[in-house]
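Observations on the three-dimensional arrangement
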Amino acid sequence: MYFDDEDYYYPFTLESLKDYTFTQDNSLFWGHDKQGRVWEEPELTEMQKKGLIFICSPHKTVFFKEGDRSLLGYIQEGFDGTWLAHSGYYPPMMDGMEVFGFINEFYAVRFLLQVMQSQSEYSDSSREIPQISWKIPINYTYYPQNQSVEYHTFSRKSLENYTFTLHEELSCGYDREGCAYEESEFTKMQTKGLIVKECSYKSVYFERILLGYIQECFDGTWLAHSPYEFLIKESREVFGFLDEFYAVRFLHQVIKAQYFEEIGDAPDLPWGE
């Protein structure tokens, strides 16, 4: 999608997205009723007249603000206030995949840029991925495999088919300024009482199939790291998921796209259809 008329482009209200604009396609406008079900036209207007629509959300197609206004993909708000993102640069097996659960537009747009820059023809782009406001933990590129490790279950019912293992040596802690400390530094800071948030590294499994790892971050959101490089090849941590559910669901979607006959479906969304 491309428009020459400047009036079609809208700025984001977040300062962190000042380098991006979006167009709004009202034909892809949707609404949710109080049960979370999605309604589109022509039914949407009738439901609105009856006062049965809880939230309405426009489809926002995201572009760079300057230069050739390259398309990144689209984002849209969901029933629970989180955002979905769909990249315009997915590898073929992932075409149509929507990633849900980003807490705001910033993280959704950030994900779109990560996917774009992971493709070889865009890897040398001068566009920098928007920075997180707190220090990012070390990018772990290995997954400890220990047959004697203990598997834990998630407390959330929607994740009852998943297990995880904890790796204390890969945990981190944050001080009040949001700086991350790991390994020996983490222990020293902890002893001094300077750690305000501890975050464990969790390797996630579905039927003993490794999906990747997740970790809580300084701001209470979750990152997800997939070991499967066909989606994001560098800096593979995807940040900004509302909770463990969305982080795990993303990891499942990634492996499902490549090995769709060898693994079951990702869990349903916690609202509507």
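The structure under discussion appears in the preceding block.
In short, a report on the structure. (Residues numbered from 1 in each chain as written. Predicted model: local features only at pLDDT ≥ 70, side-chain atom pairs only at ≥ 80, totals over all residues. Heavy atoms only, no water.)

Our next topic: the nonpolar core. Soluble globular proteins tend to pack their nonpolar side chains together in the buried interior. Ranked by size, the top nonpolar core spans 67 residues in total, and within it Tyr 20, Ile 75, Phe 102, Phe 111, Ile 214, Phe 241 and Phe 250 carry the most contacts. With near-sequence residues (within four places) excluded, Phe 250 lies in contact with Val 99, Phe 111, Ala 224, Leu 231, Val 238 and Phe 241. (Core = buried A, V, L, I, M, F, W, Y, C linked by side-chain atoms within 4.5 Å. Buried < 20%, exposed > 50% of the residue type's maximum accessible area, 1.4 Å probe, protein only. Contact = heavy atoms within 4.5 Å.)

Let's shift gears to the packing of aromatic side chains. Applying the stated criterion across every chain, the model contains 16 aromatic pairs. Both rings, one in Tyr 162 and one in Phe 206, keep their centres 5.1 Å apart while their planes meet at 45°; by these two values the pair is tilted. In this pair, Tyr 162 sits in strand E9 (residues 162–166) while Phe 206 sits in strand E13 (residues 201–206), placing the two residues 44 residues apart along the sequence. With respect to burial, Tyr 162 and Phe 206 carry one shared label: buried. A ring pair is formed by Tyr 228 and Tyr 259, whose centres lie 6.2 Å apart and whose planes are at 70°; its orientation type is edge-to-face. In this pair, Tyr 228 sits in the loop between strand E15 (222–225) and strand E16 (237–241) while Tyr 259 sits in the segment after helix H4 (244–258), placing the two residues 31 residues apart along the sequence. A residue is classified by how much of its surface remains accessible, and Tyr 259, at 31% relative accessible area, is partly exposed. Taken together, Phe 102, Phe 111, Phe 241 and Phe 250 form an aromatic cluster joined through their ring pairs. Between the NZ or CZ atom of Lys 60 and the centre of the ring of Phe 22, over which it lies, the distance is 4.5 Å. Across the ring face of Phe 164, the terminal group of Lys 202 is positioned such that the distance to the ring centre comes to 4.5 Å. (Phe/Tyr/Trp six-rings, centres within 6.5 Å; stacked < 30°, edge-to-face > 60°. Helix = DSSP H or I, 4+ residues; strand = E, 2+ residues; numbered from the N terminus. Lys NZ or Arg CZ within 6 Å of the ring centre and 35° of its normal.)

The values are spatial; any link to function lies outside them.
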